[in-house]
Amino acid sequence: MSTIKVNSLLKTNGDNLLENMTGTWINFAQASDSIRESVNVSSLTNNGTGINTVNFSTTRADVNYCVSLTAGDRSSSGNTNGYGYGSWLRGTNQCNYATTSIKIGLGYPANTSNYNNDHVNLSILGT
């Protein structure tokens, strides 16, 4: 078996090949707005309790990208009682796809109220 070790893989135009393969992703904490790790994310905007806008480093071709989101609260306080109840809430104030960002609203499904989650993981594939 052979092993290839490189610091980066580039396309012929100079773009990072791995970033293009993985699209966009972010792992962050809502209460502190702290980004733990990310790819193709320029910044994170706090739009209120449980609502954030993830701003992309590279503008997307359109808004028809695929989004996968998981969220959970590790604390035993509030509505979650230690379970991962971070649900993506409906409505234009909670979800807005754009070519430069995506706005997400997370909360507790039983009462539809927004709350901040300890761990939010968002990944996007598509152009």
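Residues numbered from 1 in each chain as written. Predicted model: local features only at pLDDT ≥ 70, side-chain atom pairs only at ≥ 80, totals over all residues. Heavy atoms only, no water.

1. Quick notes on the packing of aromatic side chains
By the definition in use, this model includes two aromatic pairs. Geometrically, the ring pair formed by Phe 56 and Tyr 65 is edge-to-face, given 5.9 Å between the ring centres and 85° between the ring planes. Relative accessible area serves as the criterion here: at 5%, Tyr 65 is assigned to the buried category. Between Tyr 65 and Tyr 97, the ring centres sit 5.1 Å apart and the planes meet at 35°, which makes this aromatic pair tilted. Here Tyr 65 is found in the loop between strand S4 (51-56) and strand S5 (66-72), whereas its partner Tyr 97 is found in strand S7 (residues 95-97), with 32 residues between them in sequence. You can call Tyr 97 partly exposed: its relative accessible area is 31%. Taken together, the aromatic side chains of Phe 56, Tyr 65 and Tyr 97 make up a single cluster linked through ring pairs. Seen from the ring of Phe 56, Arg 60 lies directly overhead, with NZ or CZ sitting 5.4 Å from the centre. (Phe/Tyr/Trp six-rings, centres within 6.5 Å; stacked < 30°, edge-to-face > 60°. Buried < 20%, exposed > 50% of the residue type's maximum accessible area, 1.4 Å probe, protein only. Helix = DSSP H or I, 4+ residues; strand = E, 2+ residues; numbered from the N terminus. Lys NZ or Arg CZ within 6 Å of the ring centre and 35° of its normal.)

2. Structural notes on a nonpolar patch on the surface
A cluster of nonpolar side chains, namely Ile 4, Val 6 and Leu 9, defines an oily patch on the protein surface of about 310 Å² accessible area. Mapped onto the elements, Ile 4 comes out in the segment before helix H1 (17-22). (Patch = residues over 30% accessible without salt bridge, like charges linked within 9 Å, V, L, I, M, F, W, Y side chains within 5 Å. Areas by Shrake-Rupley, 256 points an atom, 1.4 Å probe, with all protein chains shown as cover. Salt bridge = Lys/Arg side-chain N within 4 Å of Asp/Glu carboxyl O.)

3. Observations regarding the sheet that holds strand S10 (residues 119-125)
As summarised here, the arrangement of the four strands in space is S2-S1-S10-S5, forming an open sheet in which the pairing is antiparallel. Unpaired on one side and paired on the other, strand S2 (34-39) and S5 mark the two borders of the sheet. The mean angle between the axes of side-by-side strands here comes to 10°, regardless of whether they run parallel or antiparallel. The sheet contact formed by S5 and S10 spans seven bridges and is antiparallel. When the bridges of S10 are listed, Gly 72 appears paired with His 119. (Pairing = 2+ DSSP bridges. Axes fitted to C-alpha atoms, helices over the stretch in contact; angles between N-to-C directions.)

4. Some points on the confidence of the model for the protein
With 77% of its residues at a pLDDT of 70 or more, the protein shows a mean pLDDT of 81. Mean pLDDT values for the elements of the protein range from 60 in H1 up to 96 in strand S3 (residues 41-46). Contacts from residues 79-83, a stretch scored under 50 in pLDDT, to residues over four places away or in other chains number 14 contacts. (pLDDT = per-residue confidence, 0-100. Contact = heavy atoms within 4.5 Å.)

5. Looking at the pairing of S2
By the bridge criterion, five bridges tie strand S1 (residues 24-29) to S2 in an arrangement that is antiparallel. Within S2, the residue paired with Ile 26 across the bridge is Ser 38. Following S1, the chain reverses through four residues before pairing antiparallel with S2; Asp 33 in that reversal takes a positive phi of roughly 55°.

6. A closer look at the side chain of Asn 55
Along the chain, the position of Asn 55 falls in strand S4. Relative accessible area serves as the criterion here: at 17%, Asn 55 is assigned to the buried category. Reaching out from Asn 55, the side chain makes a polar contact with the side chain of Thr 45 at a distance of 3.0 Å. (Polar contact = N/O pair within 3.5 Å; in protein donor to acceptor, adjacent residues only side chain to side chain.)

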